[in-house]
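A closer look at the structure
These are the residues of each chain, in order.
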There are 4 protein chains.
Amino acid sequence: MMLRAKNIWVVGGDPRQAALAALLADDGHSVHTYALERGEGTRCEPSLAGADRADCVVLPLPAAGAEGRLNAPLSAREHRLAQVLDALRPGQLVCAGMAGAELERMAAERELLLRDYFAREELAVLNAIPTAEGAIQIAMEELPITLHDARALVIGFGRLGRALAPRLRALGARVWVSARRYEQRAAAEGMGLGSEGPDRLADWLCSYDLVFNTVPAPVLGVEELAALKEGALVIDLASRPGGVNLEAAAALGVRVIWALSLPGKVAPVTSGRYIKDTVYHIMEELDL
Amino acid sequence: MMLRAKNIWVVGGDPRQAALAALLADDGHSVHTYALERGEGTRCEPSLAGADRADCVVLPLPAAGAEGRLNAPLSAREHRLAQVLDALRPGQLVCAGMAGAELERMAAERELLLRDYFAREELAVLNAIPTAEGAIQIAMEELPITLHDARALVIGFGRLGRALAPRLRALGARVWVSARRYEQRAAAEGMGLGSEGPDRLADWLCSYDLVFNTVPAPVLGVEELAALKEGALVIDLASRPGGVNLEAAAALGVRVIWALSLPGKVAPVTSGRYIKDTVYHIMEELDL
Amino acid sequence: MMLRAKNIWVVGGDPRQAALAALLADDGHSVHTYALERGEGTRCEPSLAGADRADCVVLPLPAAGAEGRLNAPLSAREHRLAQVLDALRPGQLVCAGMAGAELERMAAERELLLRDYFAREELAVLNAIPTAEGAIQIAMEELPITLHDARALVIGFGRLGRALAPRLRALGARVWVSARRYEQRAAAEGMGLGSEGPDRLADWLCSYDLVFNTVPAPVLGVEELAALKEGALVIDLASRPGGVNLEAAAALGVRVIWALSLPGKVAPVTSGRYIKDTVYHIMEELDL
Amino acid sequence: MMLRAKNIWVVGGDPRQAALAALLADDGHSVHTYALERGEGTRCEPSLAGADRADCVVLPLPAAGAEGRLNAPLSAREHRLAQVLDALRPGQLVCAGMAGAELERMAAERELLLRDYFAREELAVLNAIPTAEGAIQIAMEELPITLHDARALVIGFGRLGRALAPRLRALGARVWVSARRYEQRAAAEGMGLGSEGPDRLADWLCSYDLVFNTVPAPVLGVEELAALKEGALVIDLASRPGGVNLEAAAALGVRVIWALSLPGKVAPVTSGRYIKDTVYHIMEELDL
């Protein structure tokens, strides 16, 4: 990193933000934290005094908690998001994850330069790595067979499917990809994976020990769930509303694990590093 | 493939089209060839009589040769493209590779349903596979060291870079990727590859034994070529105008191989299969 | 498998033996179980009557429990190993895991044809697969970083090291191997892994996030443990006496997980399949 | 490398020895060459005067040419092996490749400390890497299909099979291993490769596009060759007498390439580095 040392405030958040603060300090920046009292290795400021002199203020992912509060699960007390923003000066850079319309409005009112790091493509690509590892960990924990030689289906071949499927294969699983678009199936074939269109999914679901869904659309309904092999495990990695009919699964006795927000759960320190890299990119693009 | 048996004419082309015709016949279609007399295993029709009854007529890649002729290097004689099209009926499906404006105009005049298979994303993705293999073959042939433990740089991380870099790494090379966009570098990192932005390329070129360029823009100029390690090999895979200043390379004594159109050269049968799959997709989308 | 259908008794054991019995039945053999009442999907015989007509009797891994008992954790009651053997006929094939001197003596007295499947090289090679997966699962569970981009050391490059190190690398870890013999280091290099001799291990231990030991000898003593990076995780996969000085680790605050017998714990069904394959090999070699 | 700077003579040989000399000089040793006049970058001594002061004299691989001569294809003239040895002093270390009984006798007469580097296991393991790459290069050059998606059989799963099969698979080939011993098949399975015993090889040979033999025994006779698919390519990597009945292959029209001594041919510089590492090991073990 070629950045000059900066003054950076990390305000609120979970272990990812605590890790972010530590990594920024390791890079030589002057780092202040607030509302992170219970984070590992952080010494928090008693107030936001001085935060208006920061080159960059980093808010958590997501930035907002319930009812206008800052998302600050590691803080000893509650903080209003509006109060945090009031402590800043017009024109100041604020990086937030999943900013949302309300935060955007509040930032605009105060003429803050708000950037959403979670909306950036590079973070989405990087987050697929811990998500894939978390999915593999769950499969290892839940199955009485090895991933080696297991038959696995990955539904969807976007960023997450492309991170997950080759890792499963590298561990010895026999991996197929179900994807709608021809070029996605071509990409899967290029990685040495089998592929199929989603049209007759129910016809060939019976051969899998393990099914990962990455598509946030109703792909595994009654018909598909009923077609699964006995003892098969379904891991749904799709964000809300998910891709599995959970009621049908319960009725049919199909084991489904809906795993959300894996990066922060399985690898908070790595997730903090990805946020750091992304914040750097934002500052570089602003010539900060 | 769920397609019903079709009547398909394969007209003109190189060993890829000869392979295509054989593979279509293997799939149970009624296949006729024309202007492919010297192709392996093909028995050509003496004329285009009956071609107007075909469900699909496949022209080569590229479809046109010089001066309005059909591209037909395996034919015993020359054929005018216009004459080929005159033998067809209005509304008939014609699949051609790199059709070009002139062929499009001629097809429109005759009310033919022209589709360019080379313009389809899935063929571009698949063609990256033989291109990557061909690039690896050239590197193996030219270098007095193994790819194992060689230091290799891949410039660009589009379809070809994503096919090539993991293959090099799987063979034991130490691979870095140079890419402009952050998300491309994130994708490279996710595959376990090192990555860098292209800004100070000349500063770190000295450490590579092998440089592959995939970007059709002037990326390796005098400064970059002068920075290369002695004995380093440059393989330019970019389509015209290429990415290497060949005059500068010659003056500096840098070994550069500009490798174009590898799929048809290194793997004509596989390339024919990819064309077949893509033609099937076109027919499926037209409900043929 | 070309074996004719056999009469096989599976006597005692844990979920691996229950899986073994089910898999043998799937292959078309006539299977009887005993002392496996709580095993999933097994219907046990009330006594060993008829066991003397079996082509093969399979005892668990290990075969013996405490004080002369059969190892039968899934049985409703206790069984004496001697009584089990008394139910068999001279010359009958008995396959047992980790038979041990006492069982060998008892089998010899009864003129049974005892074979130790756990002593066979192919089972040891196969068992390295679930052991490696289990080790990866533990690392994923324990570390706040991804294995991707983590720096990992694998001490020893025998069967287990050769299963574990490439898997770690395939997941994106930066993997080094420490091995004494030059040819082991050459084998590691051939797989694209870094390698070092064990001589100055303490000098370079500081760079690892994760250390796996596979050598059943004291390799990580006070000096080495003190050299580890703060927060590093040590996973000891070596059978007794292990390779880590646990007292020193506790005193130094180094986190060590001593993971024994992973195959049966993380993948009992796969382990049962491996035992099945190995028992088949024994029968093949005896022309049964 | 912790070795102190040495005085090393490299005498005779092919481009591997020329590379060896250059690499030794790069490591800071005082290097003299003789009988390598046409080697790239070598300035040869006019005579062997002073060679008796060397810490180590390295002879080529193989050391002996025809009729008692030094193997020196890059020399301007011929040299008798006996004369070379006469220039050395009793007790001096001489490292030679494939020394052979005659050289051993001559060295013993002169009380030289002869070590055969080619007999060392680590060099054999390392040489499997360029052999595997060379085999892949040949397959790429000869086949009209990509290795990606090709069906490949590797006969034998020793050092070479273990280097070759995973590389083929990493390139996307569908790879099976034929090996006699159960533990070799278990090792293949552990790497995610299919495996079979060699018993009914002829029954399933028909499905392969590509067959690599690594076993120096008659494995591909008339029956097996006749079973091959039309157009299949056989690459025999076994040292003399090879594993393919070449007369039968010619009669049957099966294409066979018998590829010997690939490391020196496809990667002389890498081969020179492997010899260097092995010579270092010999010196280390002698505490030189």
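Here the residue numbers are simple positions, counted from 1 along each chain's written sequence. Whichever chain is written first is A, and whichever ligand is written first is 1; the rest continue in order. The model is predicted, so local features are restricted to residues of pLDDT at least 70 and side-chain atom pairs to those at 80 or more, both for listing and for counting; the totals for chains, interfaces and linings are taken over all residues. Computation of side-chain values: all heavy atoms of the structure, hydrogens and water removed.

Details of the relation of the copies chain D and chain A
Superposing the copies works by least squares over the C-alpha atoms of residues that have pLDDT at least 70 in both of them. Rotating chain D by 180° and moving it 0.0 Å along the rotation axis overlays it on chain A with an RMSD of 0.0 Å. In symmetry terms, the pair is related by a two-fold rotation axis. Taking C-alpha positions as the reference, the residue of chain D nearest the rotation axis is alanine 170 of chain D, at 4.8 Å. For this analysis, residues touch if any pair of their heavy atoms sits within 4.5 Å. Interface residue correspondence from chain D to chain A reaches 100%, placing this contact among same-surface, isologous pairings.

Brief notes about the environment of cysteine 95 of chain B
Here a strand is any run of E in DSSP of at least two residues, a helix any run of H or I of at least four, and the numbering for each starts at the N terminus. If you trace the backbone, cysteine 95 of chain B turns up in strand S4 (residues 93-96). Those residues in contact with cysteine 95 of chain B that sit more than four places away from it in its chain are Cys56, Val57, Val58, Leu59, Arg115, Tyr117, Val279 and Ile282 of chain B.

Digging into the environment of alanine 96 of chain B
All names here are of chain B. With respect to the helices and strands, alanine 96 occurs in strand S4. In this structure the C-alpha to C-alpha distance between alanine 96 and proline 60, which are 36 residues apart in sequence, comes to 5.9 Å. Aside from chain neighbours lying at most four places away, what touches alanine 96 is Leu59, Pro60, Ala63, Leu103, Leu114, Arg115, Asp116, Tyr117 and Phe118.

Describing the sheet that holds strand S7 (residues 174-178) of chain D
All names here are of chain D. Taking strand neighbours across the sheet as the criterion, the 6 strands line up as S8-S7-S6-S9-S10-S11 in an open arrangement whose pairing is parallel. If you trace the sheet from one side to the other, it starts and ends with strand S8 (194-196) and strand S11 (255-258), each paired once. Taken pair by pair, the neighbouring strands of this sheet meet at an average axis angle of 20°, ignoring direction. If DSSP finds at least two bridges between two strands, the strands pair. Pairing between strand S9 (residues 210-213) and strand S10 (residues 233-236): 4 bridges, direction parallel. Bridge pairing in S10 links asparagine 213 to aspartate 236. Sheet strands in contact with helix H4 (residues 121-142) are S9, S10 and S11, and its direction is about 155° off that of S10. Packing of helix H5 (residues 159-170) onto the sheet brings it into contact with strand S6 (151-155), S7 and S9, and relative to S6 it is tilted by some 170°. Note on geometry: axes are lines fitted to C-alpha atoms, helical ones only across the stretch in contact, with angles between N-to-C directions running from 0 to 180 degrees.

What to know about the packing of aromatic side chains
Each pair of aromatic rings is reported with the distance of its centres and the angle of its planes. Think of it this way: a Phe, Tyr or Trp ring, Trp meaning its six-membered ring, pairs with another when their centres are within 6.5 Å, and the plane angle makes it stacked under 30 degrees, edge-to-face over 60, tilted otherwise. Under the criterion given, the structure shown has 8 aromatic pairs over all chains. Their ring planes at 65° and their centres at 6.1 Å tell us that tryptophan 204 of chain D and tyrosine 208 of chain D sit as a pair that is edge-to-face. Each member of the pair, tryptophan 204 of chain D as well as tyrosine 208 of chain D, is classed as buried. One aromatic cluster in this structure is built from Trp176, Trp204 and Tyr208 of chain A. Charge over a ring is defined by NZ of Lys or CZ of Arg lying within 6 Å of the ring centre and within 35 degrees of the ring normal. When the ring centre of tryptophan 258 of chain A is taken as reference, the NZ or CZ atom of arginine 240 of chain A above it lies at 5.7 Å. Here the term buried applies to any residue with accessible area under 20% of the maximum for its type, exposed to any over 50%, and partly exposed to those in between, with areas from a 1.4 Å probe on protein chains only.

Here's the deal with unusual backbone geometry
The linkage connecting leucine 61 of chain A with the following residue, proline 62 of chain A, adopts the cis geometry, with an omega of -5°. Within the element layout of this structure, proline 62 of chain A appears in the loop between strand S3 (56-58) and helix H2 (81-86). Cis rather than trans, the peptide bond between arginine 240 of chain C and proline 241 of chain C has omega equal to 10°. At aspartate 287 of chain A, a residue that is not glycine, the phi angle is positive and equals roughly 55°. With respect to the helices and strands, aspartate 287 of chain A occurs in the segment after helix H11 (268-285). With a phi angle near 55°, serine 261 of chain B is a residue other than glycine that sits in the positive phi range. Tracing the backbone through its elements, the reader meets serine 261 of chain B in the loop between strand S11 (255-258) and helix H10 (262-266). By relative accessible area, which is 54% here, serine 261 of chain B ends up exposed.

A few points about the sheet that holds strand S2 (residues 30-34) of chain C
Residues and elements named next belong to chain C. Strand order in the open sheet formed by 5 strands is S2-S1-S3-S4-S5, with parallel pairing between adjacent strands. Each edge of the open sheet is held by one strand with a lone partner, namely S2 and strand S5 (113-116). Strand-to-strand, the axes of this sheet are offset by a mean angle of 20°, without reference to chain direction. Here helix H1 (residues 15-26) sits on the sheet and contacts strand S1 (7-11), S2 and strand S3 (56-58); the angle it forms with S1, its principal contact strand, is near 165°.

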